[in-house]
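Listed below are the residues making up each chain.
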Amino acid sequence: MENSGAKNAKLFNSTKTMIGGLVMLIIAMGIGRFSYTSILPLMQSQAHLSATESGYLAGSNNLGYLIAAFGAGFITWGSRRAYHLRMQLVLCIILTGHHFIIFMLDDFALSCWN
């Protein structure tokens, strides 16, 4: 039988992991969803998308979230779980920054790279 100190330490580690995962989910999902919503009108005008095509685009985006949510349950992390989660968060931040540069500062970015 476990002593109460080990039990408390295990509960603390589980709670810490749960809170860390929740914060990462809020950051990743919040930034991704809100940035997509804000650029949809820009995408419609620049790509000349109709309302139907925009609906298909939005639906496929939500389908991607659903597939990722179901697929995440099958990932085996092993002993490097924290490393993988940190790398995914860093990748999310980098790609969001890249998205901002390309789509929000399009004219400036293109003139600098040409």
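Keep in mind the model is a prediction, meaning the values are calculated, not measured.

S.K.: What is the right way to look at the environment of Asn 61 in this model?
M.R.: As for its position among the elements, Asn 61 is in helix H2 (residues 51-72). Linking Asn 61 and Tyr 36, residues 25 residues apart in sequence, is a C-alpha distance of 9.0 Å.

S.K.: I would appreciate a short explanation of unusual backbone geometry in the present structure.
M.R.: Negative phi characterises most residues that are not glycine, and trans characterises most peptide bonds. Unusually for a residue other than glycine, His 48 sits at a positive phi of about 55°. One can find His 48 in the loop between helix H1 (4-47) and H2.

S.K.: What exactly am I supposed to notice about the layout of surface pockets here?
M.R.: By rolling a water-sized probe across the atoms, one finds the places where empty space is left. There is about 160 Å³ of room inside the second largest pocket. Lining the second largest pocket, in full, are Thr 17, Gly 20, Gly 21, Met 24, Arg 81, Ala 82, Leu 85 and Arg 86. Taken together, the residues of the lining of the second largest pocket sort by class into 3 nonpolar, 3 polar and 2 charged.

S.K.: Would you mind going over a nonpolar patch on the surface with me for this structure?
M.R.: A surface patch of nonpolar side chains, about 360 Å² in accessible area, is lined by Met 18, Ile 19, Val 23 and Ile 27. Inspection of the secondary structure assignment puts Ile 19 in helix H1.

Each value, and the rule that gives it
Residues numbered from 1 in each chain as written. Predicted model: local features only at pLDDT ≥ 70, side-chain atom pairs only at ≥ 80, totals over all residues. Heavy atoms only, no water. Helix = DSSP H or I, 4+ residues; strand = E, 2+ residues; numbered from the N terminus. 1 Å grid on protein atoms, 1.4 Å probe; cavity = no way out; pocket = protein on both sides within 12 Å on 5 of 7 lines; lining within 4 Å. Points joined across faces, edges and corners; volume = space filled by probe spheres on them. Nonpolar A, V, L, I, M, F, W, Y, C, P; charged D, E, K, R; others polar. Patch = residues over 30% accessible without salt bridge, like charges linked within 9 Å, V, L, I, M, F, W, Y side chains within 5 Å. Areas by Shrake-Rupley, 256 points an atom, 1.4 Å probe, with all protein chains shown as cover. Salt bridge = Lys/Arg side-chain N within 4 Å of Asp/Glu carboxyl O.

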